[in-house]
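Here is what each chain is made of, one letter per residue.
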There are 2 protein chains.
Amino acid sequence: MDDVFRAIADPTRRAILDELVQRGGQTLFEICGRLVMKHGIRSSRQAISQHLEVLEAAGLVVAKKEGRCKFHWFNGKPLKAILERWPTDGRRS
Amino acid sequence: MDDVFRAIADPTRRAILDELVQRGGQTLFEICGRLVMKHGIRSSRQAISQHLEVLEAAGLVVAKKEGRCKFHWFNGKPLKAILERWPTDGRRS
DNA sequence: AATATAGGCAAGCAGGGGCTTGCATGTCAA
DNA sequence: TTGACATGCAAGCCCCTGCTTGCCTATATT
């Protein structure tokens, strides 16, 4: 639970989630490429790999390995608990 | 927007939000007391004050000063954008 | 077999964030 | 007015985190 909040605290990781929402099943190099193209993020492959580890640990990304490739998908379930924790309307309690 | 994610990344700040949702209009010392009582958080007054600054900057807390006292309320509006950014059902795109 | 591709592991660095400490400001009460 | 109370401001410390660098493993390709 704490991992989820920490995971989405980083702007690069949020961009990764955006990418995976738009197109699931991407590999590490594909993600790196799209982050450069569409978000101007020029971090190294290892940096993105570490971000994916964090996202996987939080359950926000699920991965499947096939041969030498690893494909990643977005998973929004862990976000549900966050949405239900605090009221999002304008009330001030 | 980035401030909102950063604000809710800290567990102490999330506890403060929980407290203010449960009871609005609390002062700094009241919040400190309740954090100790109900969450076991023994941070100093200044630490909590700095947390409140972050929450205010993110728009998650609104404050009103009256005399020497400052009262705080929770405001959930900034959270709406987060909820709408990513899908929260089980789909994997 | 040799090379290239996709990814993993680990150490090290630098910056930021949370916390503390100490002092200053402003307001209310006696 | 004097003192107590509620808060603000600023400097410093320490740890965590994001990033890089370098090397290693494993799977395809030719």
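Here's what I pulled together on the structure shown here. (Residues numbered from 1 in each chain as written. Chains lettered and ligands numbered in written order. Predicted model: local features only at pLDDT ≥ 70, side-chain atom pairs only at ≥ 80, totals over all residues. Heavy atoms only, no water.)

With that settled, the discussion passes to the packing of helix H2 (residues 11-22) of chain B against helix H4 (residues 45-57) of chain B. For any two helices packed against each other, one specifies the crossing angle of their axes together with the interaxial distance. All names here are of chain B. Two elements in contact, H2 and H4, have axes separated by 10 Å at closest approach and are oriented at 75°. By the criterion of interaxial angle, the relationship of H2 to H4 is roughly perpendicular. For the pair H2 and H4, contact is made by Thr12, Arg13, Ile16 and Leu17 and by Ile48, His51, Leu52, Val54 and Leu55, respectively. (Axes fitted to C-alpha atoms, helices over the stretch in contact; angles between N-to-C directions. Helix = DSSP H or I, 4+ residues; strand = E, 2+ residues; numbered from the N terminus. Parallel < 35°, antiparallel > 145°, perpendicular 65-115°, else oblique. Contact = heavy atoms within 4.5 Å.)

All names here are of chain B. Look at H4: 18 Å from first C-alpha to last across 13 residues, which is about the 18 Å you get at 1.5 Å a residue. What H4 keeps buried is the set Ile48, His51, Leu52, Val54 and Leu55. What you see down the axis of H4 is that its buried residues fit within an arc of 160°, all on one side. Turned more than 90 degrees away from the buried face of H4 sit Gln50, Glu53 and Ala57, all of them exposed. (Expected span 1.5 Å × (residues − 1). Buried < 20%, exposed > 50% of the residue type's maximum accessible area, 1.4 Å probe, protein only. Arc of directions from axis to C-beta.)

Listed as interface residues are 30 residues of chain A and, on the opposing side, 30 residues of chain B. Counting the surface lost from both chain A and chain B, the interface buries some 2,900 Å², and carbon and sulfur atoms represent 59% of this. At the junction of chain A and chain B, the tally comes to 4 salt bridges. Here chain A is connected to chain B by 6 residue pairs in polar contact (both at pLDDT 80 or more). For the side of chain A that touches chain B, the elements supplying multiple residues, two or more each, are helix H1 (2-7), helix H2 (11-22), strand E2 (69-74) and helix H5 (77-85) of chain A. Sort the elements by how many residues they give to the side of chain A that touches chain B and H2 of chain A lands first, with 7 residues. When grouped by side-chain class, the residues that make up the side of chain A that touches chain B number 15 nonpolar, 6 polar and 9 charged. (Buried area = accessible area lost by both parts, 1.4 Å probe. Salt bridge = Lys/Arg side-chain N within 4 Å of Asp/Glu carboxyl O. Polar contact = N/O pair within 3.5 Å; in protein donor to acceptor, adjacent residues only side chain to side chain. Nonpolar A, V, L, I, M, F, W, Y, C, P; charged D, E, K, R; others polar.)

Further remarks concern the packing of aromatic side chains. Throughout the structure, instances matching the rule amount to 2 aromatic pairs over all chains. An angle of 55° between the planes, with centres 6.1 Å apart, marks the rings of Phe5 of chain A and Trp86 of chain A as tilted. Taken together, the positions of Phe5 of chain A in helix H1 and Trp86 of chain A in the segment after H5 put the pair 81 residues apart, joining distant regions of the chain. Residue class for Phe5 of chain A comes out buried when judged on its relative accessible area of 1%. Residue Trp86 of chain A is classed as buried on the basis of its relative accessible area, which comes to 3%. In this structure, Arg14 of chain A packs its charged tip against the face of Phe5 of chain B, placed 4.1 Å from the ring centre. (Phe/Tyr/Trp six-rings, centres within 6.5 Å; stacked < 30°, edge-to-face > 60°. Lys NZ or Arg CZ within 6 Å of the ring centre and 35° of its normal.)

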